[in-house]
Protein chains: 2
Amino acid sequence: MHLQEIYEYVDAHSQEFIGDLVRLVKQPSVSAKGEGMQECAKMVEKMMREVGLSTRIIPEKEGNPVVYGEIKSETSKKTLLFYNHYDVQPPEPLEEWICDPFSGEIRNGKIYGRGVSDNKGNIVSRLKVVQAFLETMGSVPVNIKFVIEGEEEIGSPHLPPVIQKHKNLFSADAAIWEFGGTNRKGRPDVYLGLKGVLSVELRAKGANRDVHSANAPLIPNPAWRLAWALNTLKNDKDEILIDGFYDNVDTPSAEEIECLKTIRYEEEEEKKELGLKEYIHDVSGLDVPKALLYQPTCTINGFLTGYTDKGSKTVLPNKAMAKLDFRLVRRQMPNEIFSKLVRHLKNRGFGDIEVISHGSTEPVKTPITDKFVQTVIKTAEKVYGKEAAVYPTSAGSGPMHLFRNWLGYPVVSVGCGHAESRAHAPNENITAEGFIKGTKFIATLLHEFSVS
Amino acid sequence: MHLQEIYEYVDAHSQEFIGDLVRLVKQPSVSAKGEGMQECAKMVEKMMREVGLSTRIIPEKEGNPVVYGEIKSETSKKTLLFYNHYDVQPPEPLEEWICDPFSGEIRNGKIYGRGVSDNKGNIVSRLKVVQAFLETMGSVPVNIKFVIEGEEEIGSPHLPPVIQKHKNLFSADAAIWEFGGTNRKGRPDVYLGLKGVLSVELRAKGANRDVHSANAPLIPNPAWRLAWALNTLKNDKDEILIDGFYDNVDTPSAEEIECLKTIRYEEEEEKKELGLKEYIHDVSGLDVPKALLYQPTCTINGFLTGYTDKGSKTVLPNKAMAKLDFRLVRRQMPNEIFSKLVRHLKNRGFGDIEVISHGSTEPVKTPITDKFVQTVIKTAEKVYGKEAAVYPTSAGSGPMHLFRNWLGYPVVSVGCGHAESRAHAPNENITAEGFIKGTKFIATLLHEFSVS
């Protein structure tokens, strides 16, 4: 296997690869709003066919399509599955972007756009690895499967039935998850699991219309009710107060603590970049990755009620809504947390507040001792020339448990982002250099996996 | 004085009067956003001149113009001043309107539009009384002054210096305030005072940009900080917790209690119309007007943070803002309450939250024993043929103290609205019938005042 030939192919075609990425970024695909989903799925399928994969769209009827692609190896019986998603987060707040979030604009070596890091960069990078192998070697080193779904950012509600219905299609020996990158020192990040997530919306109602705020002594205010209800969920010491919330919470093993020590989380750099004097509770050192990876959270993602434009309006609003997400650690199951939340609100006198689920995924991990994990770490360290930062779990979430727990193979997350890729935030970006390097990394990994 | 002749003139010209009102409603004049203020001021001044008043625009440079108009009587030395405002509340939420809020659309005898009740209906009604007297009698029964300002809905920030600078211009023997109407039984409402109001905005800040909510264990969330801060202001028993907030609170006198008894507040009708089972604390009977008129309040007018569109977004927002108003009863001074609020937030560990004032006015009253008050009540009862509902104070607010306390004459509020006029809410309206009746009432009042 002449990896050098692959690297040269990637370098020679880097402008073409970046051009395809920009094309994909220009196609909006905001699953939360249902914008451009079919169009983006078709574009992804077309890109798959262009690089040489055989494709299939599943399901045909329900939710946003899952785009599936595969190619057999002539030399190996091993199968590696790539999990990715073509849907992106909503781009708001638009006024904080330096360019149109669906422009794919390139400035100073960075490609900007909603989804360029999460997750379109990795989609294109991985597809181009297939093209590179086929065009230089005539074959791929292992069997390859792609699962590129369109609902990751809204909790993957339709992926479980798809996996259940097509178990054989998704069988593999190992999987590479959607995201990753390098930290500020150029060390590759390797993630061995995910937190769970539960997204909910709370809605409070008052009168059947807004009224003049002079009526405040008489007319209930749903904005106050929601503010009070939120306060029963988490206090200002950041303690989540829902009965039983912390039951079953996973703590780091001795092995994982050792792993955390090697991360050397770049706290000062991050705080400086975010303009923060301190993290919550002034945590530092080893407590930073410990908090990030092992602490479950309850976050207000959004809150809207009444008049929010310029100046003042003496209105008493008749509805209020808050969006929250809970990040869950291993053994906290989202359906149980949902029930506990509903029960908690009822018990605390807020049974009138409607609780709507916007999707959930379970927490999941692959042990660091797993052979595939070791292959990924070693390959990353070889390609990037630096010690990997190995995270026993990511602070992020996704439907990894479907692959790791249901289908039973190791799953590791690596990718072509960087520390300031700003996923889910304005000015999301990746560097062209990181994109090309990440492509070479995946190519190398296919080879190393084939011979491991 | 042949009032019958005036009434006939008003009836004969009612379509013209309504047409002029619709024209004024069609001119947006949202002071909170600075929309259409100059245009509306000019339109009001033109209408003044058309009915026969001499006019003056003050001040020329600062804030939205105050439109002043006057006409001398040939028969009386008494002067009555009308206080009105041409600015309106923002029309949002737009989706709850049955028509364009700036259309002045007429449906089933009702004229709809932002500001039609608060306060353009009363402006046109009162101006047309001048026209009616001049065209039928050749003179007005008393000297008349109009003060029509453009910043009432934002706390009248520039009216105090105007009054101070032009004290003689605003001298009078009595004033009629901007608002009023009839209740569901057709009884005329008469208001003898106003609550004070203080409008503020609270702003919390986190990192210098939104981040992925996976970072919640480390990155402070301004949405939570604001929710926690709000909870320190008022608990779920509706008790305001700001130190010293209830100092100096005025309670009803024995005379006022007697007055409250005659109101017979239409609680069941109001609750039914608003779709409410109970008022706050299930108050009923005499406790309803007592709460409404004597209880100071703290109302969330608006709250905005993060993602508030469809579905979910796992974002940790970097800013949050809430708009609040405090309604104050007599002897609670808004500047003192502002200082107490700032001090309270600081003492409770929320000194990082920025507090911005969006204007304020003081609480004020004229005693029911005042001779002018008695003239207004008797005239109202004569014109409407029903017992007046006399409110020792309104639950609303405005710059009445400038006239009552600074200039020292009695001020009473009456007008041409009705119980479902929906001031500050979607589908604000008045009835054509109430508008014409209200016009006749003001005409009669001018006469009664001249002979009192």
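Residues numbered from 1 in each chain as written. Chains lettered and ligands numbered in written order. Predicted model: local features only at pLDDT ≥ 70, side-chain atom pairs only at ≥ 80, totals over all residues. Heavy atoms only, no water.

Colleague: Looking at this structure, how should I read the domain arrangement of chain A?
Modeller: Reports of interface size often rely on the accessible area that becomes lost once the parts have come together. All names here are of chain A. When cut into domains, chain A gives domain 1 (3-195 + 363-451) and domain 2 (196-249 + 296-361). On a C-alpha basis, the centres of domain 1 and domain 2 stand 34 Å from each other. Facing the twelve residues of domain 1 at the interface are 14 residues of domain 2. Interface area lost by domain 1 to domain 2 is led by Lys195, Pro363 and Ser397, which between them contribute 57%. Counting every contact that joins domain 1 to domain 2 gives zero salt bridges. For the interface between domain 1 and domain 2, the tally reads three residue pairs in polar contact (both at pLDDT 80 or more). Residues that form the side of domain 1 that touches domain 2 fall into these classes: five nonpolar, five polar and two charged. (Domains from an automatic or database assignment. Contact = heavy atoms within 4.5 Å. Buried area = accessible area lost by both parts, 1.4 Å probe. Salt bridge = Lys/Arg side-chain N within 4 Å of Asp/Glu carboxyl O. Polar contact = N/O pair within 3.5 Å; in protein donor to acceptor, adjacent residues only side chain to side chain. Nonpolar A, V, L, I, M, F, W, Y, C, P; charged D, E, K, R; others polar.)

Colleague: What should I look at first to understand the confidence of the model for chain A in this one?
Modeller: Keep in mind that low pLDDT regions are not for reading the predicted coordinates in detail. Of the residues in chain A, 100% have a pLDDT of 70 or more, and the chain-wide mean is 95. Among the scores for the predicted complex, ipTM is 0.87 and pTM is 0.87. (pLDDT = per-residue confidence, 0-100.)

Colleague: Is there a simple way to explain the sheet that holds strand S11 (residues 196-205) of chain A in this structure?
Modeller: Note: strands within a sheet are paired through backbone hydrogen bonds, in either parallel or antiparallel orientation. Taking strand neighbours across the sheet as the criterion, the eight strands line up as S16(A)-S11(A)-S15(A)-S13(A)-S13(B)-S15(B)-S11(B)-S16(B) in an open arrangement whose pairing is antiparallel. Strands with a single pairing partner mark the edges of an open sheet, and in this sheet they are strand S16 (354-361) of chain A together with strand S16 (354-361) of chain B. Between one strand axis and the next, the sheet turns by 20 degrees as a mean value, whatever way the strands run. Relative to S16 of chain A, S11 of chain A is paired through six bridges, and the arrangement is antiparallel. Across the sheet, residue Arg203 of chain A finds its bridge partner in S16 of chain A, namely Glu354 of chain A. Across the sheet, helix H10 (residues 334-347) of chain A touches S11, strand S15 (319-328) and S16 of chain A, and the angle it forms with S16 of chain A is around 165 degrees. Relative to strand S15 (residues 319-328) of chain B, helix H6 (residues 222-233) of chain B is tilted by about 15 degrees, and along the sheet it contacts strand S13 (297-306) of chain A together with strand S11 (196-205), strand S13 (297-306) and S15 of chain B. (Pairing = 2+ DSSP bridges. Helix = DSSP H or I, 4+ residues; strand = E, 2+ residues; numbered from the N terminus. Axes fitted to C-alpha atoms, helices over the stretch in contact; angles between N-to-C directions.)

Colleague: Can you help me understand the pattern of salt bridges in this one?
Modeller: Opposite charge on two side chains lets them pair, provided their charged atoms get close. By the definition in use, this model includes 72 salt bridges over all chains. The salt bridge involving Glu96 of chain B is made with Lys319 of chain A; its shortest N-O contact spans 3.4 Å. Of the two residues, Glu96 of chain B sits in the loop between strand S3 (79-85) and strand S4 (106-107) while Lys319 of chain A sits in strand S15, which places them in two different chains. Look at Lys319 of chain A and you get partly exposed, because its relative accessible area is 43%. Among the ionic pairs, Arg184 of chain B bridges to Glu273 of chain B, the shortest N-O distance being 2.8 Å. Taken together, the residues Arg184 of chain B in the loop between strand S8 (181-182) and strand S9 (189-191) and Glu273 of chain B in helix H8 (residues 267-274) connect sequence positions 89 residues apart. (Buried < 20%, exposed > 50% of the residue type's maximum accessible area, 1.4 Å probe, protein only.)

Colleague: Any chance you could explain the state of the cysteines here in plain terms?
Modeller: Simply put, the disulfide is a covalent bond whose two ends are the sulfur atoms of two cysteines. Residue and element names in this part refer to chain A. Counted under the stated rule, the structure contains zero disulfides over all chains. With no disulfide of its own, Cys416 lies closest to Cys40 among cysteine sulfurs, the gap being 16 Å. Relative accessible area serves as the criterion here: at 3%, Cys416 is assigned to the buried category. (Disulfide = S-S within 2.5 Å.)

Colleague: It is not clear to me how the relation of the copies chain A and chain B should be interpreted in this structure. Could you clarify?
Modeller: Related by rotation about an axis and a shift along that axis, the two copies of the chain form a pair. The operation relating chain A to chain B is a screw motion whose rotation component is 180 degrees, with 0.0 Å of axial translation and a residual RMSD of 0.1 Å. Overall, the copies show the geometry of a two-fold rotation axis. Among all residues of chain A, the one whose C-alpha sits closest to the rotation axis is Leu304 of chain A, at a distance of 2.4 Å. Taken together, the interface assignments show that 100% of the residues at the interface of chain A recur at the interface of chain B, consistent with an identical surface on both copies. (Least-squares fit on C-alpha atoms with pLDDT ≥ 70 in both.)

Colleague: Help me out: how do you make sense of the interface of chain A and chain B in this one?
Modeller: Contacts between the two partners involve 93 residues from chain A and, on the opposite side, 93 residues from chain B. When chain A packs against chain B, close to 7700 Å² is buried across both sides, 58% of that on carbon and sulfur atoms. On the chain A side of the interface with chain B, the three residues burying the most area are Arg209, Leu218 and Trp224 of chain A, jointly 11% of the side's total. At the surface where chain A touches chain B, the tally comes to six salt bridges. Here Arg209 of chain A and Glu420 of chain B are joined by a salt bridge, their closest N and O atoms 3.2 Å apart. Inspection of the chain A/chain B interface yields 42 residue pairs in polar contact (both at pLDDT 80 or more). At the level of elements, S11, strand S12 (211-212), helix H6 (222-233), helix H8 (267-274), helix H9 (287-294), S13, strand S14 (315-316) and S15 of chain A are the ones that each hand at least two residues to the side of chain A that touches chain B. In terms of residue count, the dominant contributor to the side of chain A that touches chain B is S13 of chain A (ten residues). When its residues are assigned to classes, the side of chain A that touches chain B shows 42 nonpolar, 26 polar and 25 charged. The pairing of S13 of chain A with S13 of chain B spans five bridges and is classified as antiparallel. Looking at the pairing, Gly306 of chain A lines up with Gly302 of chain B of S13 of chain B.

Colleague: How should the packing of aromatic side chains be read in this particular structure?
Modeller: In this description, a pair of aromatic rings is defined by centroid distance and the angle of the planes. Applying the stated criterion to the full structure yields 27 aromatic pairs over all chains. Judged by centre distance (5.6 Å) and plane angle (70 degrees), the ring pair of Trp177 of chain A and Phe403 of chain A falls under edge-to-face. Of the two residues, Trp177 of chain A sits in strand S7 (residues 174-177) while Phe403 of chain A sits in helix H12 (residues 401-407), which places them 226 residues apart along the sequence. On the basis of relative accessibility, which here comes to 0%, the residue Trp177 of chain A falls in the buried class. Exposure remark for Phe403 of chain A: the relative accessible area of 0% places this residue in the buried category. Seen from their ring centres, Tyr83 of chain B and Trp177 of chain B are 3.8 Å apart, and the 15 degrees between their planes marks the pair as stacked. Of the two residues, Tyr83 of chain B is situated in strand S3 and Trp177 of chain B in strand S7 (residues 174-177); the sequence distance between them amounts to 94 residues. Here a set of aromatic residues connected by ring pairs shows up, and it is made of Tyr83, Trp177 and Phe403 of chain A. (Phe/Tyr/Trp six-rings, centres within 6.5 Å; stacked < 30°, edge-to-face > 60°.)

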